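Structural characterization, general
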Amino acid sequence: MSVQNKFLKQKSVGVIGVPFSGGQPRDGVDQGPLKIIEFGLLDQLKELDWQVKFDGHRDYSLMQPASDPPVGKLLNARYVSAVTESVASSVSAHLKEGSLALTLGGDHSIALGTVSGTMAVHPDAGLIWVDAHADINTPETTESGNIHGCPVSFLLGIAGQLKEFGWVKPCLTPDRLVYIGLRDVDAGEKKILREHGIKAFSMHEVDKYGISKVVEMAIEHVSPNRSRPIHLSFDVDALDPTVAPSTGTPVRGGLTFREGHYICEAIHETGCLVSMDLMEVNPSLEDDQAVFQTVTIGCSLVRCAMGETLL
Ligand SMILES: NC(=[NH2+])NCCC[C@H](N)C(=O)O
Ligand SMILES: [Mn+2]
Ligand SMILES: [Mn+2]
């Protein structure tokens with residue numbers, strides 16, 4: 001059974017490859033989008049009857065400033081800011097045309113751009129963040145200084161005013177955010193989640209209620225009665241490292257293959273998905289078999305979110 005999307009004008013998708021790794025220290029995650037496209041994702045989406053518009057892999061390295069000293073603890077702040085600002089306008093452009101926006105990372109700092117771009121067009125959209133990590137550190141709480149651990153705090157407007165990120169508008173409210181898959185949350189992040197009353201289903205809740213109940217509750221939270229558009233930001237490290245090994249910050253005890261796919265299938269069934277990120281696939285980590293496995297799963301997660309069914 002195919003599901004009609006309530007918020008798209010046509011069954012078309014704009015695909016944005018963001019070969020960027022500046023939000024964290026490990027090289028190779030910038031090769032994620034190239035591998036995913038090489039693996040045939042665009043043809044796979046065409047087979048699902050999507051009209052596919054691929055922006056090409058932009059060379060964001062041209063945006064790297066000659067000098068980018070730390071801003072407080074934050075590393076590569078100017079570079080991350082410039083790249084994500086540009087990603088935001090790419091995402092907005094596709095959404096304004098009535099297409100779905102699909103962004104392939106790259107590290108998760110890129111979601112600062114994708115979510116900003118989505119909210120610019122759909123200001124009431126809900127955000128489902130599937131990840132082992134909450135990525136909600138502020139410039140104050142971050143221990144690593146890696147901005148891929150911080151995008152959500154910027155989106156919520158709790159990161160404080162940094163002139164380097166002057167373009168970022170607080171576009172997200174705590175009631176339109178939900179997490180699935182958390183299991184490695186920093187002490188400062190736990191405090192933020194608590195203080196802002198942010199809904200989060202950690203692996204504990206996945207064990208307790210099962211994935212179908214968790215996803216149902218998560219969807220109902222951000223899009224009551226399927227009333228709001230949904231942005232899905234999927235960090236591949238939400239999956240267990242035995243399932244998706246090639247990623248920069250793996251954490252054991254993650255989602256199974258089916259749990260990850262179930263999330264995407266259920267979100268497709270809402271008919272509300274307008275924007276999706278697939279982040280943190282790093283094809284330079286682990287052996288060829290592991291890379292193949294991770295890239296394959298990345299593609300199948302996207303296909304499921306875009307309507308592939310088992311029957
Ligand atoms: N997108 C990710 N993989 N984030 C990992 C973040 C890890 C840690 N919480 C940090 O702030 O650095
Ligand atoms: Mn993560
Ligand atoms: Mn993440």
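In this text, all values refer to a predicted model and were calculated from it rather than measured experimentally.

In protein structure, a disulfide is the covalent linkage between the sulfur atoms of two cysteines. All chains considered together, the criterion is met by zero disulfides. We note that Cys 150 lacks a disulfide partner, and the nearest cysteine sulfur, in Cys 171, lies 16 Å from it. Given a relative accessible area of 0%, Cys 150 falls into the buried group.

Ranked by size, the top nonpolar core spans 100 residues in total, and within it Leu 45, Ile 128, Phe 165, Tyr 179, Ile 180 and Leu 232 carry the most contacts. When neighbours within four sequence positions are excluded, Leu 232 is seen to be in contact with Ile 128, Val 130, Cys 264, Ile 267, Leu 273, Ser 275, Met 276, Asp 277 and Ala 305.

Around ligand 1 sit 13 residues in total, of which Asp 135, Asn 137, Ser 144, Asp 186 and Thr 249 are the nearest. Interatomic distance of 2.8 Å between a side-chain N/O atom of Asp 186 and a nitrogen atom of ligand 1. Contacts to ligand 1 include Asp 237, whose side-chain N or O atom sits 3.2 Å from a nitrogen atom. In isolation ligand 1 has 350 Å² of accessible area, and contact with the protein removes 93% of it.

Of note, the amide linkage connecting Gly 105 to Gly 106 takes the cis form, showing an omega dihedral of 15°. Examined against the element boundaries, Gly 106 turns out to sit in the loop between strand S3 (100-105) and helix H4 (111-121). Despite not being glycine, Asn 225 has its phi angle at roughly 50°, a positive value. By the secondary structure assignment, Asn 225 is in the loop between helix H8 (211-222) and strand S7 (230-235).

Okay, the coordination of the manganese ion (ligand 3) next. The protein atoms donating to the manganese ion (ligand 3) are His 108 (ND1), Asp 131 (OD), Asp 135 (OD) and Asp 235 (OD), with metal-donor distances spanning 2.0 to 2.2 Å. Separating the manganese ion (ligand 3) from the manganese ion (ligand 2) is a gap of 3.2 Å, bridged by Asp 131, which donates to each. Asp 135 carries the same exposure label as Asp 131, and that label is buried.

Attention shifts here to the packing of aromatic side chains. By the definition in use, this model includes three aromatic pairs. On the basis of an interplanar angle of 65° and a centroid distance of 5.6 Å, the ring pair of Phe 39 and Phe 292 is categorised as edge-to-face. One end of the pair, Phe 39, is in the loop between helix H1 (32-38) and helix H2 (41-47); the other, Phe 292, is in helix H10 (residues 288-305), and 253 residues separate them in sequence. With a relative accessible area of 46%, Phe 292 lands in the partly exposed category. With centroids separated by 4.7 Å and ring planes inclined at 45°, the aromatic side chains of Phe 154 and Phe 165 adopt a geometry described as tilted. Here the residue Phe 154 occupies a position in helix H5 (residues 151-156), and Phe 165 occupies one in the loop between H5 and strand S5 (177-182), the gap between them amounting to eleven residues. Each member of the pair, Phe 154 as well as Phe 165, is classed as buried.

Reading the values: the criteria
Residues numbered from 1 in each chain as written. Chains lettered and ligands numbered in written order. Predicted model: local features only at pLDDT ≥ 70, side-chain atom pairs only at ≥ 80, totals over all residues. Heavy atoms only, no water. Disulfide = S-S within 2.5 Å. Buried < 20%, exposed > 50% of the residue type's maximum accessible area, 1.4 Å probe, protein only. Core = buried A, V, L, I, M, F, W, Y, C linked by side-chain atoms within 4.5 Å. Contact = heavy atoms within 4.5 Å. Near = heavy atom within 4 Å. Polar contact = N/O pair within 3.5 Å; in protein donor to acceptor, adjacent residues only side chain to side chain. Areas by Shrake-Rupley, 256 points an atom, 1.4 Å probe, with all protein chains shown as cover. Helix = DSSP H or I, 4+ residues; strand = E, 2+ residues; numbered from the N terminus. Donors = N, O, S within 2.8 Å, 3.2 Å for Na, K, Ca; no water. Phe/Tyr/Trp six-rings, centres within 6.5 Å; stacked < 30°, edge-to-face > 60°.

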